[in-house]
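Given next are the chains, with one letter for each unit.
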Amino acid sequence: MAAFLDSFLFLYVYLVVIVFSSFLFMTEPSPLFSSCKVRKKFYLNGMHKPGDVILGGLFEVHYTSVFPELTFTSEPNQLRCQGFDPPGFRHAMSMAFAIDEINKNPDLLPNVTLGYSLYDNCATLVTGFSAALSLASGKEEQFLLQENCLGTPPVLGIVGDSFSTFSIATSDVLGLFKLPIVSYYATCSCLSNRQRFPSFFRTIPSDAFQVRAMIQILKRFGWTWAGLLVSDDDYGLHVARSFRSDLAQSGGGCLSYSEILPWGDNTAELKRIVEVMKKSTARVVIVFAHQIHMIQLMEEVVRQNVTGLQWLASEAWTAAAVLQTPRLMPYLGGTLGIAIRRGEIPGLRDFLLGLRPDLHDSNNNGNSLIRLFWENTFQCRFAPPPAGWVEAGATLCTGDEDLENMETEFLDVSNLRPEYNIYKAVYALAYALDDMLHCEPGKGPFSRNSCAVLQGLEPWQLMHYLEKVNFTTSFGDQVSFDENGDALPIYDVMNWLWLPDGRTEVQNVGEVKSLAFKGEELTIDEDKIFWNYDSKQPPLSICSESCPPGTRTARKRGQPACCFDCIPCSEGKISNETDSMECTSCPKDFWSSPQRDHCVPKKIEFLSYHEPLGICLTVASLLGTFICAIVLGIFTYHRGTPMVSYYATCSCLSNRQRFPSFFRTIPSDAFQVVRQNVTGLQWLASEAWTAAAVLQTPRLMPYLGGTLGIAIRRGEIPGLRDFLLGLRPDLHDSNNNGNSLIRLFWENTFQCRFAPPPAGWVEAGATLCTGDEDLENMETEFLDVSNLRPEYNVYKAVYALAYALDNMLQCEPGKGPFSRNSCAVLQGLEPWQLMHYLEKVNFTTSFGDQVSFDENGDALPIYDVMNWLWLPDGRTKVQNVGEVKRSAFKGEELTIDEDKIFWNFDSKQPPLSICSESCPPGTRTARKRGQPVCCFDCIPCSEGKISNETDSTECTSCPKDFWSSPQRDHCVPKKIEFLSYHEPLGICLTVASLLGTFICAIVLGIFTYHHGTPMVRANNSELSFLLLVSLKLCFLCSLLFIGRPRLWTCQLRHAAFGISFVLCVSCILVKTVVVVAVFKASKPGGGASLKWFGAMQQRGTVIALTSIQVAICTAWLMSASPAPHKNTQYHNDKIVYECVAGSTIGFAVLLGYIGLLAILSFLFAFLARNLPDNFNDAKLITFSMLIFCAVWVAFVPAYVNSPGKYADAVEVFAILASSFGLLVALFGPKCFIILLRPERNTKKAIMGRGTSTS
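The present account deals with the structure reproduced in this document. (Residues numbered from 1 in each chain as written. Predicted model: local features only at pLDDT ≥ 70, side-chain atom pairs only at ≥ 80, totals over all residues. Heavy atoms only, no water.)

### Topic: the overall build of the protein
Okay, step 1: When helices and strands are tallied, the protein shows 30 helices and 46 strands.
Okay, step 2: By element, 57% of the accessible surface of the protein is carried by carbon and sulfur atoms, the whole surface being about 64500 Å². (Helix = DSSP H or I, 4+ residues; strand = E, 2+ residues; numbered from the N terminus. Areas by Shrake-Rupley, 256 points an atom, 1.4 Å probe, with all protein chains shown as cover.)

### Side note on the state of the cysteines
Okay, step 1: Scanning all chains against the criterion turns up 16 disulfides.
Okay, step 2: Across the disulfide from Cys-254 sits Cys-562; the S-S distance is 2.1 Å. Measuring the twist about the S-S bond at about 80°, one finds the Cys-254-Cys-562 disulfide to be right-handed. You can see Cys-254 sitting in strand 12 (residues 254–261) and its partner Cys-562 sitting in the loop between strand 23 (551–555) and strand 24 (564–568), a full 308 residues away along the chain. Grouping residues by exposure puts Cys-254 and Cys-562 together as buried.
Okay, step 3: Here Cys-919 is linked by a disulfide to Cys-938, with a sulfur-sulfur distance of 1.9 Å. Looking down the S-S bond of the Cys-919 and Cys-938 bridge, the torsion is -95°, so its handedness is left-handed. Here Cys-919, found in the loop between strand 37 (891–896) and strand 38 (923–927), pairs with Cys-938, found in strand 39 (residues 936–940); they are 19 residues apart in sequence, far enough to count as distant. (Disulfide = S-S within 2.5 Å. Buried < 20%, exposed > 50% of the residue type's maximum accessible area, 1.4 Å probe, protein only.)

### Things to note about the environment of Ala-98
Okay, step 1: Following the sequence through the fold, Ala-98 ends up in helix 2 (residues 86–104).
Okay, step 2: With a relative accessible area of 0%, Ala-98 lands in the buried category.
Okay, step 3: Taking the C-alpha atoms as reference, Ala-98 lies 9.8 Å from Ala-430; in sequence the two are 332 residues apart.
Okay, step 4: Other than its neighbours up to four places away in sequence, Ala-98 contacts Tyr-423, Val-426 and Tyr-427. (Contact = heavy atoms within 4.5 Å.)

### With respect to the packing of helix 2 against helix 13 (residues 418–437)
Okay, step 1: Direction vectors running N to C along helix 2 and helix 13 enclose 35°, while the axes themselves pass 9 Å from each other. Remark: the crossing between helix 2 and helix 13 carries right-handed chirality. Residues Pro-87, Arg-90, His-91, Ser-94, Met-95, Phe-97, Ala-98, Ile-99, Glu-101 and Ile-102 of helix 2 form the contact with helix 13, whose own contacting residues are Pro-418, Glu-419, Ile-422, Tyr-423, Val-426, Tyr-427 and Ala-430.
Okay, step 2: Looking at the contact of helix 2 with helix 13 residue by residue, the class counts come to 12 nonpolar, two polar and three charged. (Axes fitted to C-alpha atoms, helices over the stretch in contact; angles between N-to-C directions. Left-handed = near helix turned anticlockwise from the far one by under 90°. Nonpolar A, V, L, I, M, F, W, Y, C, P; charged D, E, K, R; others polar.)

### Remarks on the pattern of salt bridges
Okay, step 1: If you walk through the whole model with that rule in mind, you get 24 salt bridges.
Okay, step 2: Here Glu-269 makes a salt bridge to Arg-272, at a shortest N to O gap of 2.8 Å. Of this pair, Glu-269 and Arg-272 both sit in helix 7 (residues 267–279), three residues apart, which is roughly one turn of that helix.
Okay, step 3: For Arg-272, a relative accessible area of 33% gives the class partly exposed.
Okay, step 4: Arg-789 is the salt-bridge partner of Asp-864, the closest N and O atoms lying 2.8 Å from each other. Of the two residues, Asp-864 sits in strand 35 (residues 862–870) while Arg-789 sits in the loop between strand 32 (767–768) and helix 20 (790–809), which places them 75 residues apart along the sequence. (Salt bridge = Lys/Arg side-chain N within 4 Å of Asp/Glu carboxyl O.)

### Digging into the nonpolar core
Okay, step 1: Formed by 106 residues in total, the largest nonpolar core has its most connected members in Phe-89, Ile-217, Phe-243, Ile-286 and Phe-288.
Okay, step 2: The leading source of residues in this core is helix 13, at 12 residues.
Okay, step 3: Leaving out residues up to four positions away in the same chain, Phe-243 has contacts with Val-211, Met-214, Ile-215, Leu-218, Leu-228, Leu-255, Ile-286 and Phe-288.
Okay, step 4: By size, the runner-up hydrophobic cluster in this structure holds 67 residues, among which are Phe-1061, Val-1070, Met-1185 and Val-1210. (Core = buried A, V, L, I, M, F, W, Y, C linked by side-chain atoms within 4.5 Å.)

### Brief notes about the sheet that holds strand 45 (residues 1123–1127)
Okay, step 1: Spatial ordering of the open sheet is given by 44-46-45, a layout of three strands whose pairing is mixed. At either margin of the open sheet sits one strand with a lone partner, and together these are strand 44 (975–977) and strand 45. Adjacent strand axes in the sheet meet at a mean angle of 30°, parallel and antiparallel pairs treated alike.
Okay, step 2: Alignment of strand 45 against strand 46 (residues 1134–1140), held across five bridges, turns out to be antiparallel. Bridged to Asn-1127 within strand 46 is Val-1136. (Pairing = 2+ DSSP bridges.)

### Re helix 8 (residues 291–304)
Okay, step 1: For helix 8, spanning 14 residues, the distance from its first C-alpha to its last is 20 Å, which sits close to the expected 20 Å at 1.5 Å a residue.
Okay, step 2: In terms of burial, helix 8 is a largely internal element, 12 of the 14 residues being buried.
Okay, step 3: Taken residue by residue, helix 8 has Gln-291, Ile-292, His-293, Met-294, Ile-295, Gln-296, Leu-297, Met-298, Glu-300, Val-301, Val-302 and Gln-304 as its buried positions.
Okay, step 4: Positive backbone phi, approximately 55°, marks Asn-305, located one or two places after helix 8. (Expected span 1.5 Å × (residues − 1).)

### Some remarks on the packing of aromatic side chains
Okay, step 1: Taken as a whole and assessed by the stated rule, the structure comprises 41 aromatic pairs.
Okay, step 2: A centroid spacing of 5.0 Å and a plane angle of 45° characterise the contact between Trp-746 and Phe-750, whose relative ring orientation is tilted. Placement of the pair is Trp-746 and Phe-750 together in helix 19 (residues 741–750), with a separation of four residues, close to one helical turn.
Okay, step 3: Owing to a relative accessible area of 0%, Trp-746 belongs among the buried residues under this scheme.
Okay, step 4: By way of ring pairs, the aromatic residues Phe-84, Phe-89, Phe-373, Trp-374, Phe-378 and Phe-410 are connected into one cluster.
Okay, step 5: Against the face of Phe-201 rests Arg-194, its NZ or CZ located 4.6 Å from the ring centre.
Okay, step 6: We note Lys-1230 situated over the ring of Phe-1227; from NZ or CZ to the ring centre the distance is 5.8 Å. (Phe/Tyr/Trp six-rings, centres within 6.5 Å; stacked < 30°, edge-to-face > 60°. Lys NZ or Arg CZ within 6 Å of the ring centre and 35° of its normal.)

### Overview of helix 6 (residues 234–250)
Okay, step 1: Look at helix 6: 24 Å from first C-alpha to last across 17 residues, which is about the 24 Å you get at 1.5 Å a residue.
Okay, step 2: Among all positions of helix 6, only Tyr-235, Gly-236, Val-239, Ala-240, Ser-242, Phe-243, Asp-246 and Leu-247 are buried.
Okay, step 3: Downstream of helix 6 by a residue or two, Gly-251 has a phi angle that is positive, lying close to 65°.

### Brief notes about the packing of helix 5 (residues 207–220) against helix 6
Okay, step 1: Direction vectors running N to C along helix 5 and helix 6 enclose 45°, while the axes themselves pass 9 Å from each other. Judged by the inter-axis angle, helix 5 sits oblique to helix 6. At the point where helix 5 passes helix 6, the crossing takes the right-handed sense. Along the contact surface, helix 5 presents Asp-207, Gln-210, Val-211, Arg-212, Met-214, Ile-215, Leu-218 and Lys-219, while helix 6 presents Tyr-235, Val-239, Ser-242, Phe-243, Asp-246, Leu-247 and Ser-250.
Okay, step 2: When its residues are assigned to classes, the contact of helix 5 with helix 6 shows eight nonpolar, three polar and four charged. (Parallel < 35°, antiparallel > 145°, perpendicular 65-115°, else oblique.)

Shown next, in the form of structure tokens:
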């Protein structure tokens, strides 16, 4: 693989050569200069002190910069620093103090004087990086090539930078020279990568630890719903990525929003971010950003008056006094923050008070920092002042101003945090240098046990000692570095206290640290925390309230996992935990409690002695037993009387400000599978290895065959192969002027060595290179120009620069784009002038591709989609199966010819790669705890709910009159239940009703036919006929209870039933009273009573009694009429059609009146049972009333406990049973005599029986 990479890197380099060679024109060779001039001199704010060894420092003395306008028609101006930051200047002076203190210490670095070069990065990458380059290379503007460079390098180590992005950029470059960089403020966890940043150290913990600390604070206060704001740099972006990952793994909450705070004055973006914060329900805002970001953000927060937020601050702004103002504290009061560990530096304040501009700027050698500080502090200007300064009444600086009595945070050394880290960083470098100078000759750590010497000291030699440094500060803290260059992680937890008098105090309320055995440990004194709320309590910041036991969480569609609804468990299921994701079914003999939080044994149901129905039936049973005993006694006493019985039932590089000169023509995995024999995977390749032939081997293709990948667009370069074949080492390396690439390529290709060969080369039988080897017949992928992809981009890039240069040289004098319409000239060409033309370049390659750049320097994005085809003969082919591109109108568009794709599976089909199978309709997804959203279980919808989509997150309830189908995938109309003519029960009751009516008709016919016989006449024939008619009506009214309830049947059924039965019982009552009256009249003096019981009186009494029932029914129907009702309470999946009584009182009065008449009839008949007569009707009436009363007494509990249609069936049964009882008891014996014993149906027989009886 190394040979492959060597060949192609070599090809890319020579591609540039061939392109330039095709259009370069001949010019006069430039004479060799005896000296070289630095291309660019950086004008930086700095402060310097000479010494034997110089240490560099990078600090943020200004917190913002103003970028110049980049038109490239004139030389771009340098950035202008704005916003002097006194704490940032104190940071720089802390380094100066530490060096001054070390120089005074006779035990540390004796006979060596440390100096320093301190620079202001102005909170801008380009300035910070320029300063770092100046520190590493020195400040000399011109140097001679002939001179030998001896002595120490410009600086031996750098303290800084304060920003992670700046530290990354600086370490990437200076790490190549192994120049030690010790940062006091860069926290990005990416900087712990020792392979990428071998010379980086820091005295502040990394963000990986800070992120975990923040998550612990969120958990401590139960904040599961928060917003995240980060700066637009490596510090913020790495934190955002780490925070989201760690938060998801910890299960500690979710982010309502995650926004990136812009650099510079971007009011529109800040306004949008603050509006997002206002709309969010999250009350906690976590900010990993710098002071400048917070200053700009809070301006917009104040403008929109966004209060009620709990801010969590990163170490970058926790101690920012510039934010602790009376204007901002109504918004930022109560802020909790992670702060760098506080330390003490004795003597620092006296050192700061001793600063004077005349002492540090007498030679005007770039020591501008103290002048800037002095002017900012005393609001004056040194001579010469700006134009109009004196005229405006402003003062001039003298350098004698009284600093001690000036109110400035610069002199506040009570809360030294970054300063303490700077102090430790300087001492770490000093102790490393001291250890190095104490090396004993012959016992050193370097080659041949040598020691480093100060005069020829290399930075990498200092690195050796810096890694092993271990010392204790005067404050008692131990300083050492681990294998990644990180110090011991520990932070203070701070709280912004807003005092009643308007002052602000940042108090320590706890700490978070990492212990060897306990891991991260958070300690907080909650009683000390100031909460900026009326309640003086921590705010509630959750997306959804916790779901109590008895419910389950149902994630809201399209929202984070912390946003959910609480769904009550369905019947038979429970959840006994808070925020349970699933409800579990109860065991077989158990059921869910009403709260659905535990299982209870199922109720055992049987007809119990303790329930009303059981009590009523028991009483009725005992009463019947008692009555039977009485009747038995009566019958025993009256043995000659006949017996009658009855039975009754009832679920980055496009950032133009940071990279103004960057363009590109390309759009914007490590693995190890053979050793473990991991097969059956479908690989997706990035453009970095899609075309890697080194991977397309018979050994790897069983694993990588069928790979799909994104490839750089293929192009053609005519003449490239001929150019490559023409390469010869003797042509390109004759002057031995550093052109070693062709020699290396030649040796690698032909496995030979040029003279002089390595020792033992010839003796081992290896060959020497002659330069005449035959390249054309050599099998090498170097000559394969059939699949030019990166080469094609190199080709286009070179031509883009060439066309830009050509356009520039075509400029007509006086019509140029630069100042005064001038043109650029080749002899004095500046790179920024070429930039102007490069932005506007537009050409078409010989392959037909158009090349131009957008405002970010990006070319038109287009990729080929490639597939690795493994042929039967073992060869490999990478074929094009589609493309993905972006167009102005359609956006991103993917085109793939699936029929061409080779799948490396037995099925020859694309593999299935899912965490969980899709949930079919009728189920919902339930995310598996602690796994990604793609991993879920399929939970069947509960009864009454459906899902009609695949992978539905929720089951929806069916409408009111609908129920779920058995598959739970659609709603079906609920079954409608009522007592129907078509079901067996309805048919039986209908037959019984019609049978009773038919029997009544037969009896009526018999009585009509035999109306003149003594049996009919002796029993009040008129009332008997009326009684038979009323019984017929009773049988027929029962039909109104059968069939679908309608308004008229509901209104008529109870009225017809009540009136029919009252008519029937009235007739019986009158007959009974007449019997009693007749027997009383037969006694001496009783004849007068018969005049009250003539035919007219009997009819009138029946009509009067029936009229009362008619009045009751009318009043009931007028006040609260019965009506049909859809009852869904009895069954979830059925609608029971029933008639609601409307008025329970009306129904009770109706039944009560019938009962009253029946009881009266029973009492009169019972009293007349022993009256002498040949045929006493009273006995039959007594038995019929017993049957009637028993049926209707049993009816009441049976009706109350019967649901739905069965209540109607019970009422119909009671009507039919009582009607049959009356019909059989009253008319059975008479019909028996009339039809079967006609000899007893004579006056003589009746009279004779009466004589014998008497």
